[in-house]
Structures are given as C-alpha cells and as structure tokens.
Amino acid sequence: MKQVIRDHQFKFYNSVLLLPVFFVLVLWMVFWYESRFHENFHHFGIYPREIFGLKGILFSWLLHGDFQHIVNNSLALIVLLSFLRFFYREQTWKVIILGIFFQA
C-alpha cells in the first residue's frame with residue numbers, strides 16, 4: 001500500500017524550539033531557587049509506599065541533585081523534546097503527560 005505524506009507532516013514550527021526551552025527554563029528556575037535560597041525540595045520527590053510521596057509523581061521531574069545532573073537532563077530534554085515536537089506534533093502533550101506520570 002502506498003503511503004501518502006501530507007505537506008504539513010514535517011513542517012517546522014516555532015514550538016519545536018520554544019517547548020524544550022520552556023521546560024528547561026522551568027527546571028533551571030527550580031534549581032536556581034533551591035540553590036539561591038538554600039531550600040531543599042526533596043519532600044516533593046517520590047516516596048514509595050507513603051501517601052505523602054504521591055505528590056512526587058507530579059513534581060519529581062523538577063528536582064535535580066547537583067549541577068551535573070541538571071546539565072545532563074537539560075541537554076537530553078532539549079534534543080528529545082525537539083525531535084518529539086517536530087516528528088510527532090499531535091502526540092507531544094500526551095507523551096509529556098504520560099512521561100511525567102510514569103517516570104518512576
């Protein structure tokens with residue numbers, strides 16, 4: 001069967017760059033706040049078999065242990081979210097939401 005490629009299937013949109021930059025900016029803002037004000041958001045992590053650890057399902061993706069950790073995650077996030085947004089534009093938000101919920 002012949003596959004039909006639509007003209008808009010691989011069209012470049014600004015969101016291919018803006019979405020990953022937004023997510024990385026949010027990560028760095030949380031990391032900066034923790035470092036600058038000597039806060040520790042470890043209680044927003046995932047704690048298995050604990051009710052208070054359930055909030056970690058939503059917030060643990062924002063937490064990073066040190067500078068090297070956030071740099072590595074930022075690079076991967078920029079590359080992978082850019083590819084996701086470019087090649088699978090319609091499924092991007094589903095993948096992001098499912099990724100946050102099933103990261104553990």
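Model, not experiment: these values are computed from the prediction.

Procedures and definitions
Residues numbered from 1 in each chain as written. Predicted model: local features only at pLDDT ≥ 70, side-chain atom pairs only at ≥ 80, totals over all residues. Heavy atoms only, no water. Helix = DSSP H or I, 4+ residues; strand = E, 2+ residues; numbered from the N terminus. Salt bridge = Lys/Arg side-chain N within 4 Å of Asp/Glu carboxyl O. Buried < 20%, exposed > 50% of the residue type's maximum accessible area, 1.4 Å probe, protein only. Expected span 1.5 Å × (residues − 1). Arc of directions from axis to C-beta. Contact = heavy atoms within 4.5 Å. Phe/Tyr/Trp six-rings, centres within 6.5 Å; stacked < 30°, edge-to-face > 60°. Lys NZ or Arg CZ within 6 Å of the ring centre and 35° of its normal. Patch = residues over 30% accessible without salt bridge, like charges linked within 9 Å, V, L, I, M, F, W, Y side chains within 5 Å. Areas by Shrake-Rupley, 256 points an atom, 1.4 Å probe, with all protein chains shown as cover.

1. Structural notes on the environment of lysine 94
Line of reasoning, step 1. Looking at the secondary structure, you find lysine 94 in helix H4 (residues 92-101).
Line of reasoning, step 2. Through-space distance from the C-alpha of lysine 94 to that of leucine 77 is 16 Å; in sequence the pair is 17 residues apart.

2. As for the pattern of salt bridges
Line of reasoning, step 1. Throughout the structure, instances matching the rule amount to one salt bridge.
Line of reasoning, step 2. Between arginine 89 and glutamate 90 there is a salt bridge, and its shortest N-O distance comes to 3.4 Å.
Line of reasoning, step 3. Overall, glutamate 90 belongs to the exposed group, its relative accessible area being 57%.

3. Quick notes on helix H3 (residues 67-87)
What sets the pattern is the α-helix's 3.6 residues per turn: residues three or four places apart point alike.
Line of reasoning, step 1. Between its first and last C-alpha atoms H3 spans 30 Å; for 21 residues at 1.5 Å apiece the expected length is 30 Å, and the two agree.
Line of reasoning, step 2. Within H3, burial applies to Ile70, Ser74, Leu81, Ser82, Leu84 and Arg85. Angularly, the buried residues of H3 cover 160 degrees about the axis, an arc narrow enough to put them on a single face. Opposite the buried face of H3, at more than 90 degrees from it, the exposed residues are Leu75 and Leu80.
Line of reasoning, step 3. Among the structural elements, helix H1 (15-36) and H4 are those in contact with the buried residues of H3.

4. Let's talk about the packing of aromatic side chains
The relation between two aromatic rings is expressed through the spacing of the ring centres and the mutual angle of the planes.
Line of reasoning, step 1. Following the criterion strictly, the structure yields 13 aromatic pairs and no others.
Line of reasoning, step 2. Aromatic pair phenylalanine 23 and tryptophan 61: ring centres 5.7 Å apart, planes at 50 degrees, arrangement tilted. Note that phenylalanine 23 is positioned in helix H1 and tryptophan 61 in the loop between helix H2 (56-59) and H3, a separation of 38 residues in sequence.
Line of reasoning, step 3. Members of the aromatic cluster, each reached through a chain of ring pairs, are Trp32, Tyr33, Phe37, Phe41, Phe44 and Phe59.
Line of reasoning, step 4. In this structure, arginine 36 is placed above the aromatic ring of phenylalanine 37, and the distance from its NZ or CZ to the ring centre is 5.3 Å.

5. Topic: a nonpolar patch on the surface
Line of reasoning, step 1. Together, Phe10, Ile78, Val79, Leu80, Phe83, Phe87 and Tyr88 line one region of the surface with nonpolar side chains, adding up to about 700 Å² of accessible area.
Line of reasoning, step 2. For phenylalanine 87, the position within the fold is in helix H3.
Line of reasoning, step 3. Since its relative accessible area comes to 41%, phenylalanine 87 is described here as partly exposed.

6. Regarding H1
Line of reasoning, step 1. With 22 residues, H1 extends 30 Å from end C-alpha to end C-alpha; this agrees with the ideal 32 Å at 1.5 Å per step.
Line of reasoning, step 2. Taken together, the buried positions of H1 are Val16, Leu19, Pro20, Phe23, Val24, Leu27, Val30, Phe31 and Glu34. Projected down its long axis, H1 shows its buried positions confined to an angular sector of 120 degrees, all on one face. Along H1, exposed side chains directed more than 90 degrees from the buried face belong to Leu17, Leu18 and Met29.
Line of reasoning, step 3. Contact partners of the buried residues in H1: H3 and H4.
Line of reasoning, step 4. Looking one or two places after H1, you find histidine 38, whose phi comes out positive at around 50 degrees.

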